[in-house]
Each structure stands twice: as C-alpha cells, then as structure tokens.
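Structural overview for review
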2 protein chains.
Amino acid sequence: MRFASEQHLDDGVVERGFTLGEIPGILWTSGSASAPAPLILLGHPGGLHKMYPRLVARARHCAAEGFAAATIELPWSGDRPRSATAEEARADLRRALEAGEPVDDEIVDRLVLPLVEKAVPEWRAALDALLSLPEIGGPVGYAGGVIAIGIRLAVVEPRISAALLFAGSFVPHTLFEEARQVTIPLQVLLQWDDEGNDRQMALDLFDALGAKEKTLHANMGGHTGVPQFEGDDGNRFFARHLK
Amino acid sequence: MRFASEQHLDDGVVERGFTLGEIPGILWTSGSASAPAPLILLGHPGGLHKMYPRLVARARHCAAEGFAAATIELPWSGDRPRSATAEEARADLRRALEAGEPVDDEIVDRLVLPLVEKAVPEWRAALDALLSLPEIGGPVGYAGGVIAIGIRLAVVEPRISAALLFAGSFVPHTLFEEARQVTIPLQVLLQWDDEGNDRQMALDLFDALGAKEKTLHANMGGHTGVPQFEGDDGNRFFARHLK
C-alpha cells in the first residue's frame, strides 16, 4: 500500500489517496483521533471520480462519528484496465434496458459474478493493508453498493462485523443461497420508488438474508435520493455494532 | 377532562390518569419541562391495563426527548362497555385463525370499520382537551397501532403533523383508498417475521400511502419484538417533524 497524496479537508478530516498494486483507493481519517479507529469500507458501483462527491460526504459523516473510512476502485472501472467480457455484459444490459425488455438472468450472471469473484479478494487485500496502519484499529463494517459484493464479503471475511447494504437490482440467483449464510447484523437500504430497481427482488433478497438482526429501511426519493437522515441512522447502526 | 390520579415516576415523569366523559386515559409529562411540550398520541390495540407496561415505556422514552405523551382507551375495550357486534366479529376472527382459514374481508370490515368510526372522533375530542392544557403546546404526532385508526386520523385531523404507524394485518380494503390521501410524513414499523401478520398486505399498504416522505422500518423479532433502537429512531422521526 503506497500513499500517493494527502489533503486536509476543512472539517479536520485527512484524505489520503493510495494505491494497492494497480488499485487506486482513498482513506479518510479524523485528524483529531487519539486512538485507533474502527473502519468502515465504503462500497460503490465503480468509478471513484464520478462517485467521489457522494463518497467523501459519507466519509466525513463517518469521521464525525469516530470511524475511519476507506474505499478502492472496482475492477474494470474508473482508471483501471477494462475487461472485454464485462464491457459486453454492460452493453447487453444497456440494450435490454433501452428496449424496455426484462433483463435476462444470463446477462446478470455475466455482469455480476466475475465482478464479485475479482472484487472481493481485492477488498480483503485492502483490509489487510488498512488494518496494518496504526491509526486503524478495527472492528470493520462494510457500507454501500454492489450488494452482491457486500454479501460475499459478509460471508467470507470474518473481520467484517456489520454491513449496511444498498439494495439494487441485478442480483444473480446464486446470491440468494449466499444471502442465507450471512449471520452478521445488517441494515439494508431500499429506495422504494427507484424505477430502475426490481423492488420485489430486493424484498425477496432481504427475506433470504440469514442474519438474526436485520433491518430494512425503505425510503422515497428515487435512485439517488437516499434521505440525509439515513446517514445518521447508518452511523448509529455501526456505533451499536462496532464500538 | 377530569384528572383522577397523579403519580411521579422515578425519572421525573408525571403520570396522570384522566377521564374524558366515559373514556379513561393517561397523560405523561416531563416534570422538568419549562415550555409547552409537543404531544405524541400513543395508539394501541385496546386494553389499557394489559398494554400499560409497553405504553409507559414508550411514554418515558417520549418524555426523555421533551415530548408529552397521552393515550385513551379504545371503544369496547378494557373497562369500557362491550359491543355485541364487535364481540361477534372478534369471535368470528378467532374461529377463522384457530381453524387456520384465511380471514374473510367481511369479518375484517365488521371488526375494524366500526372501531375506526367510533375511535377517531374520541381521539379528536381527547386532542381538544389535551391541547387546552397549558403544559401541552403542539405540534402533535400519532404513534402506534391500529393502523386503520392512525391512517384515518392522519387524513381527517389537521393538527396531527407526523405519524409513526405499526403495520398489522386485518386492514379493510377501503383503507387503501384512505391511505392514498395521507400527506403527512410517516414512519411505518413492520415486524418482518410476525407470523400473525400478512406481510404482503403491509407492504401493499405502505406502497399505497400518499405521503411524499414515508419510511418503512422492517425488523426481526416477532410480533412483540420491536427492537429497542426503534424507540430512539421514533423519537428522532418526531424530533425532525414536531420541533
């Protein structure tokens, strides 16, 4: 893990860009922290530059509650090399959506399964590196999108103690089996009026999750309209489980 | 409104029993409040004695956040006179449930519609009386069960500014039409694994609610197992809308 940049944000949060091999990432820590901080991994759909405004807002929110936050670029996104297979699957998905056709399971599998296979070991490698820093103390939470990545991480990574997942569509059917194996506490966010989202599938997936403590928060506001107060609710969820 | 009893609970909350005509009720206020407090009406399924432990816990929680809280007995429940028609509908419901049969819409209508017709004007009369007290200042929220009563109140009572509703089954079909007319901010609690609850109907009802700001919180824990943290979440919901 190599730190490539450092800047001090106006609220005392220190933002450091890093690379982990070829993977770019960002770490946010509170400049005033005196003890090693629990860590929230910030998931996203890929494209750090595009996602930066939302990620930094969530990271500041985390830091205000005493959490460090970190994210890495997803495979085949942002400045990382593209994959012909992934591009093809994305194009097929776009075609189906533009034609108003139902999205074939086979397209979803081609799009999401290789992404999960490649991204999850990368997140775990990032976790190794982040937890070796003196300012990070664990425990660790995962918060954010690509729910398939969050679920796989929750199943295979014992250092993750709680997860806040964003329900979205395009969930491979095999994920329902994995969902039953999740036992860590979960909070799931669903945008009820998100037209690009298969609401019934999101509800079925919430139902399948094996955790004894799971909470669904459904809100209005469309795909990107998660209400402000869910940021505070997320902090309280992590405070209950990571502190 | 006649106050019949007064006791000081150990956390400085003053509990006063009252009667409003033939209707018994309870008012909880913070002994330390210096300004008129916003009011939360605590809904319940009927039977003040049986519900008292849960009601007083919620009232203490409200008082800690600076809210007054009040409840009244429902028609045909607790110490109030019985209704032959209501008893018959309850018996028919019990028979259907014990036989494992689906509950007929006609039974639900006979059970819930007259209750709503009688209870809502009583809640409004209680509100008149409560808002005339110098220690109560408004605005007003409604929190709790019999969702049909909460929805009707939200539609007809302009002094209610926000409602926290407990999703339960046995919802008359006409309620879906009323739900569309609700415009105040709502938070709806659903116990996901409540076997006595028709989950799909609860989700359909949430969908039907006309409010632009509505949030669904689904949790595990069975019918009476609403997690502790939802008490805090409820207070924050009301703090956003009543303060």
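Please refer to the structure placed before this passage.
In short, a report on the structure.

Reading the values: the criteria
- Residues numbered from 1 in each chain as written.
- Chains lettered and ligands numbered in written order.
- Predicted model: local features only at pLDDT ≥ 70, side-chain atom pairs only at ≥ 80, totals over all residues.
- Heavy atoms only, no water.
- Helix = DSSP H or I, 4+ residues; strand = E, 2+ residues; numbered from the N terminus.
- Rg over C-alpha atoms; globule rule 2.2 N^0.38 Å.
- Contact = heavy atoms within 4.5 Å.
- Areas by Shrake-Rupley, 256 points an atom, 1.4 Å probe, with all protein chains shown as cover.
- Lys, Arg positive; Asp, Glu negative; His and termini not counted.
- Charge placed at Lys NZ, Arg CZ, Asp CG, Glu CD.
- Buried < 20%, exposed > 50% of the residue type's maximum accessible area, 1.4 Å probe, protein only.
- Salt bridge = Lys/Arg side-chain N within 4 Å of Asp/Glu carboxyl O.
- Expected span 1.5 Å × (residues − 1).
- Arc of directions from axis to C-beta.
- Buried area = accessible area lost by both parts, 1.4 Å probe.
- Polar contact = N/O pair within 3.5 Å; in protein donor to acceptor, adjacent residues only side chain to side chain.
- Axes fitted to C-alpha atoms, helices over the stretch in contact; angles between N-to-C directions.
- Parallel < 35°, antiparallel > 145°, perpendicular 65-115°, else oblique.
- Left-handed = near helix turned anticlockwise from the far one by under 90°.
- Nonpolar A, V, L, I, M, F, W, Y, C, P; charged D, E, K, R; others polar.

Let's talk about the overall build of chain A
- Helix and strand counts for chain A stand at 7 helices and 9 strands.
- Its C-alpha atoms give chain A a radius of gyration of 17 Å, near enough to 18 Å, the size a compact globule of 243 residues would have.
- Reported as C-alpha extents along the three principal axes, the dimensions of chain A are approximately 55 × 40 × 30 Å.
- Taking the contacts inside chain A whose residues are at least 6 apart along the sequence as the reference set, 67% of them involve residues at least 24 apart.
- Carbon together with sulfur atoms contributes 53% to the accessible area of chain A, which is approximately 10,500 Å² in total.
- Each charge class in chain A can be summarised by its mean position, and for the 23 positive and 34 negative side chains these summaries are 4 Å apart.

What to know about the side chain of aspartate 194 of chain B
- Relative to the helices and strands, aspartate 194 of chain B is located in the loop between β8 (186-191) and α6 (199-208).
- Buried charge without a partner: aspartate 194 of chain B forms no salt bridge, and the closest opposite charge is arginine 54 of chain B, 9.3 Å away.

Side note on helix α2 (residues 84-98) of chain B
Residue and element names in this part refer to chain B.
- If you check α2, its first and last C-alpha atoms are 21 Å apart, about what 15 residues at 1.5 Å a residue would give, namely 21 Å.
- Inspection of α2 places Ala86, Ala89, Asp92, Leu93 and Ala96 among the buried residues, and these make up the whole buried set. Mapping the buried residues of α2 onto a view down its axis gives an arc of 125°, with all of them on the same face. What points out from α2, more than 90 degrees from its buried face, is the exposed set Ala84, Arg95 and Glu98.
- Those residues of α2 hidden inside the fold are in contact with α3 (105-131).

Let's talk about the interface of chain B and chain A
- At the junction of the two partners, chain B supplies 20 residues and chain A supplies 20 residues.
- Taken over both partners, the interface formed by chain B and chain A buries close to 1,700 Å², and the fraction arising from carbon and sulfur atoms is 56%.
- Summed over the three residues of chain B that lose the most area to chain A, namely Trp192, Met220 and Phe229 of chain B, the buried surface amounts to 29% of that side.
- Put simply, chain B and chain A have 2 salt bridges between them.
- Across the pair arginine 199 of chain B and aspartate 207 of chain A runs a salt bridge, and its minimum N-O distance is 3.2 Å.
- At the junction of chain B and chain A, the tally comes to 9 residue pairs in polar contact (both at pLDDT 80 or more).

Points about the packing of α3 of chain B against helix α4 (residues 147-156) of chain B
Residue and element names in this part refer to chain B.
- Direction vectors running N to C along α3 and α4 enclose 50°, while the axes themselves pass 9 Å from each other. Here α3 lies oblique to α4, going by the angle between them. For the pair α3 and α4, the crossing hand works out as right-handed. Here α3 contributes Val112, Leu115, Val116, Glu117, Ala119, Val120, Trp123 and Arg124 to the contact with α4, which in turn contributes Ala148, Ile149, Arg152, Leu153 and Val156.
- Residue composition of the contact of α3 with α4, grouped by class: 10 nonpolar, no polar and 3 charged.

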